[in-house]
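# Chain and residue survey
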Amino acid sequence: MDKVYKALGLAKRAGKVKSGEKNCKDAIISGMAYLVILAEDISKNTHKNITDSCKYYNVEYVTFGNMLNLGHAIGNDFNACVAVCDEGLAGLVKKNLLQI
């Protein structure tokens, strides 16, 4: 799990992360998002809103961790969702997710 959070932190430092429901949705719609990570403890409405957008715009998404840990990984208090907006960094996060 630590490797996933470290990869997200790296993506944040590189300026390739959008966080929060509105920013993630904007990144999905604009074609900037390569991977969306949803916290396991988000509301059903937020989950449906983001996953429907991901499905429509053909963006890969995963459910991982909780809002507190996801937020801390990118320097926030908490986050419901995070969009990785770089193909290489999204690949690094996915690779680390597969190792869990």
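Use the structure listed above.
All of the points below concern the structure found in this document. (Residues numbered from 1 in each chain as written. Predicted model: local features only at pLDDT ≥ 70, side-chain atom pairs only at ≥ 80, totals over all residues. Heavy atoms only, no water.)

## Some remarks on the sheet that holds strand β2 (residues 35–38)
Convention followed: A pair of strands is treated as paired once DSSP finds two or more bridges between them. We count a stretch as a helix when DSSP gives it H or I for four or more residues in a row; a strand needs E for two or more, and each element gets its number in order from the N terminus. Orientation is described by lines fitted to C-alpha atoms, with helices fitted over the stretch in contact, and by angles between N-to-C directions that extend from 0 to 180 degrees. Note on definitions: a residue-residue contact is assigned when non-hydrogen atoms from the two residues lie within 4.5 Å.
The strand order across the open sheet formed by four strands is β1-β4-β2-β3, and the pairing between neighbours is mixed. Edge positions in the open sheet fall to β1 (17–19) and β3 (60–63), since each of these has one partner strand only. Averaged over all pairs of adjacent strands, the angle between their axes in this sheet comes to 20°, without regard to strand direction. In terms of strand pairing, β2 meets strand β4 (residues 81–84) through four bridges, oriented antiparallel. Across the sheet, leucine 38 pairs through a bridge with cysteine 81, a residue of β4. Along the sheet face, helix α3 (residues 44–56) touches β2, β3 and β4 and points at about 165° away from the line of β2.

## Looking at the pattern of salt bridges
Using the following cut-off: By convention in these notes, a salt bridge is any Lys or Arg side-chain nitrogen within 4 Å of a carboxyl oxygen on Asp or Glu.
Counted according to the given criterion, the structure contains three salt bridges. Among the ionic pairs, aspartate 26 bridges to lysine 22, the shortest N-O distance being 2.9 Å. Pair noted here: aspartate 26 and lysine 22 are both in helix α2 (residues 21–30), with a separation of four residues, about one helical turn. One salt bridge in this structure joins glutamate 60 and lysine 94, with 3.0 Å as the shortest N-O distance. Of the two residues, glutamate 60 sits in strand β3 while lysine 94 sits in helix α5 (residues 87–98), which places them 34 residues apart along the sequence.

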